[in-house]
Amino acid sequence: MKKSTGKTKAKAKDSEYAIEESKLMKLFEDSLKDIYWAEKALTKALPKMIKKATSKELVEAIENHLNETEEQIKKVEKVFELIGKKAVAKKCEAMAGLVKEAEEIMSETEEGAMRDAGIIAASQKVEHYEIATYGTLRTFAQILGLDEAASILEEILEEEKNADETLTGCAQAINMQAVEEEA
Ligand SMILES: [Fe+2]
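Read on for a plain summary of the structure. What you see is a predicted model; the values in this text were computed from it and never measured. Positions within a chain are numbered from 1, following the residues in the order the chain's sequence is written. Given that the model is predicted, a residue must reach a pLDDT of at least 70 before its local features are reported, and side-chain atom pairs must reach 80 or more before they are shown or counted; all residues, however, enter totals for whole chains, interfaces and linings. Each side-chain value is worked out from all heavy atoms of the structure, with water and hydrogens disregarded.

### Quick word on the coordination of the iron ion
Note on the iron ion: its protein donors are Glu39 (OE), Glu39 (OE), Gln72 (OE1), Glu130 (OE) and Glu160 (OE). The metal-donor distances range over 2.0 to 2.5 Å. Exposed residues in this analysis have more than 50% of their type's maximum accessible area, buried residues have under 20%, and partly exposed residues fall in between, with area computed by a 1.4 Å probe over protein chains only. Of the residues examined, Glu160 reaches a relative accessible area of 0% and is grouped as buried. Coordinating N, O and S atoms are those within 2.8 Å of the metal (3.2 Å for Na, K and Ca), and as water is not part of the atoms, a site may appear to have fewer donors than expected.

### Thoughts on the layout of surface pockets
A cavity, in this analysis, means grid points on a 1 Å lattice covering only the protein atoms where a 1.4 Å probe fits yet has no way out; a pocket is instead an open set bounded by protein on both sides within 12 Å along at least five of seven lines, and a residue lines either one if it has an atom within 4 Å of a point. Grid points are joined across faces, edges and corners, and a volume is the space filled by probe spheres set on the points. Taken as a whole, the largest pocket encloses approximately 200 Å³ of empty space. As for the largest pocket, its lining consists of 17 residues, of which Ala61, Ile62, His65, Glu127 and Ala163 are closest to the centre. Strands here mean DSSP runs of E at least two residues long; helices mean DSSP runs of H or I at least four residues long; both are numbered from the N terminus. Within the residue set of the lining of the largest pocket, elements represented by two or more residues are helix H1 (2-52), helix H2 (56-82), helix H4 (113-143) and helix H5 (147-182). Residues are grouped as follows: Ala, Val, Leu, Ile, Met, Phe, Trp, Tyr, Cys and Pro are nonpolar; Asp, Glu, Lys and Arg are charged; every other residue, Gly included, is polar. When its residues are assigned to classes, the lining of the largest pocket shows 8 nonpolar, 5 polar and 4 charged.

### Let's talk about the environment of Ile131
Note that Ile131 resides in helix H4. Once the C-alpha coordinates of Ile131 and Glu158 are considered, the two residues, 27 residues apart in sequence, prove to be 8.4 Å apart.

### Comments concerning the packing of H2 against H5
In this analysis an axis means a line fitted to C-alpha atoms, helices contributing only their contacting stretch, and an angle means the value between N-to-C directions, from 0 to 180 degrees. The contact between H2 and H5 brings their axes to 10 Å, and the two run at 165 degrees. When the interaxial angle is binned, H2 and H5 end up roughly antiparallel. In this structure, the crossing between H2 and H5 has a hand that is left-handed. Looking at the contact of H2 with H5, its residues break down into 13 nonpolar, 4 polar and 8 charged. Each angle gets one of four labels, with under 35 degrees taken as roughly parallel, over 145 as roughly antiparallel, 65 to 115 as roughly perpendicular, and the rest as oblique. Left-handed describes a crossing whose near helix is turned anticlockwise from the far helix by less than a right angle; the clockwise case is right-handed.

### Looking at the nonpolar core
The term nonpolar core refers to a set of buried residues drawn from Ala, Val, Leu, Ile, Met, Phe, Trp, Tyr and Cys, joined through side-chain atoms within 4.5 Å. Counting residues in each nonpolar core, the largest one holds 52 residues, and the members touching the most others are Phe28, Leu32, Leu58, Val76, Met95, Tyr134 and Leu153. Taken together, the elements giving at least two residues each to this core come down to H1, H2, helix H3 (93-108), H4 and H5. Residue contacts follow a heavy-atom distance rule, with two residues in contact if any of their heavy atoms lie within 4.5 Å. What Val76 contacts, discounting residues up to four positions off in sequence, is Leu32, Ile35, Tyr36, Tyr134 and Ile156.

Next comes the structure, spelled out in structure tokens:
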């Protein structure tokens, strides 16, 4: 008797979990659409930053990340494919705001180290947004048992972290120069 009651309870729990899982799946898909839009927006924003940047090191760092971003778009498309959904981009207001902020910084600063410092600051905000998003997406994929998707998302997460570190490296020399330019 007791055993069967236990089983019924477990079954009830399972179906509750199934509902939650579908909600998580929906959230996962929505976040994926959001970052898909964000990555596409970045392929348009990064070339503008490259044009406005002066430091060779910074230009190279952004160029590399532009190539990476183009590949990330394909990786995100692969994740859509793995969940059997069409790759759809949904406007990400947060990324739109960050890109707008970058454009404002570029138009308000003089060319040189000062503008470069501004570009780095804006780019690192973008990277941190991406790190937060891919970290969440990776964890959602793990919970949902989407192992292949989780490893693709983990791969992108590492690329974003590396891009952020590269920018920190660029910032060290550029910030000093920006201060010297001001003096
Ligand atoms: Fe990215």
